[in-house]
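Topology and contacts: notes
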Amino acid sequence: NSSNVPVQVLGLGGGTPVRQISVGYPRTCALLVDGTVRCWGAGAGTGGTNDPTPVAVGGLTDVTQIAAGSGHTCALLGDGTVRCWGTNANGQLGNGTTTDSLLPVDVVGLAGVTQITAGSDHTCALDAVGDRSLPAGAARRSRRSRELHRALVERGRVGLGHQPQPPGQHHL
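Reading guide: rules and limits
- Residues numbered from 1 in each chain as written.
- Predicted model: local features only at pLDDT ≥ 70, side-chain atom pairs only at ≥ 80, totals over all residues.
- Heavy atoms only, no water.
- Helix = DSSP H or I, 4+ residues; strand = E, 2+ residues; numbered from the N terminus.
- Buried < 20%, exposed > 50% of the residue type's maximum accessible area, 1.4 Å probe, protein only.
- Contact = heavy atoms within 4.5 Å.
- Areas by Shrake-Rupley, 256 points an atom, 1.4 Å probe, with all protein chains shown as cover.
- Salt bridge = Lys/Arg side-chain N within 4 Å of Asp/Glu carboxyl O.
- Disulfide = S-S within 2.5 Å.
- Patch = residues over 30% accessible without salt bridge, like charges linked within 9 Å, V, L, I, M, F, W, Y side chains within 5 Å.

**Describing the overall build of the chain**
Scanning the chain from terminus to terminus reveals 1 helix and 10 strands. If you list the helices and strands of the chain from N to C, you get β-β-β-β-β-β-β-β-β-β-α. When each of the 172 residues of the chain is scored for burial, the buried share is 46%. Relative to all contacts within the chain whose residues are 6 or more apart in sequence, the contacts with residues 24 or more apart total 46%. Total accessible area computed for the chain in this model is approximately 8,500 Å², and 51% of it derives from carbon and sulfur atoms.

Structure, rendered in structure tokens:
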């Protein structure tokens, strides 16, 4: 059911406060202060079902940030690694394939990540090293996406798709 006014999300009131919310299509996810993630909507991370209330996403602990895109979601872990799940036609899960995954998979080739963001069919990661790299494999279709990528490239390392390119080869 739709609502024109804010409503409480059932299933998030279990006593653990929410640190962050990320809204993608077709799911919403909440990062709790205990480092776990709960999602609801289509393909929420529980085997591809449509969950009307939040459910825990398996395989995730010590999460510090989440980013939901169109059909995929990623989690930044406390050790600076990233795990993603959902659709992967453009390599947005970053695991070296274009195979969808119902559960979180490790993003390859990224370490020391400090920030993530997700768009319609891509994911970006920024690290603290300042070394620049832009893997290919994810289409950047909108002007806003190109602007975000350019800003992240100027600030540090960017990871998209699944095939890293040498520093200096930034195809925006």
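**Side note on the pattern of salt bridges**
Any two side chains of opposite charge can pair, on the condition that their charged atoms come close. Taken as a whole, this structure holds 1 salt bridge when the rule is applied. Between Asp106 and Arg83 there is a salt bridge; the shortest N-O distance is 2.8 Å. Of this pair, Asp106 sits in strand E8 (residues 101-106) while Arg83 sits in strand E7 (residues 82-86); the two residues are 23 residues apart in sequence, bridging distant segments of the chain. On the accessibility criterion, Arg83 (17% relative accessible area) is buried.

**Regarding the state of the cysteines**
Evaluated as defined, the whole model comprises 2 disulfides. Between the sulfur atoms of Cys29 and its disulfide partner Cys39 the distance amounts to 2.0 Å. Between Cys29 and Cys39, the disulfide has an S-S torsion of 110° and is therefore right-handed. Taken together, the positions of Cys29 in strand E2 (residues 27-32) and Cys39 in strand E3 (residues 37-42) put the pair 10 residues apart, joining distant regions of the chain. Judged by relative accessible area, which is 0%, Cys39 ranks as buried. Sulfur-sulfur distance for the disulfide between Cys74 and Cys84 comes to 2.0 Å. Here the S-S torsion is close to 110°, and the disulfide linking Cys74 with Cys84 is therefore right-handed. One end of the pair, Cys74, is in strand E6 (residues 72-77); the other, Cys84, is in strand E7, with 10 residues separating them in the sequence. Each member of the pair, Cys74 as well as Cys84, carries the same accessibility label: buried.

**Some remarks on a nonpolar patch on the surface**
The grouping of Val18, Ile21 and Val23 at the surface amounts to a nonpolar patch, some 250 Å² of accessible area in total. The topology assignment puts Ile21 in strand E1 (residues 18-23).

Distances and angles like these do not, on their own, reveal function.
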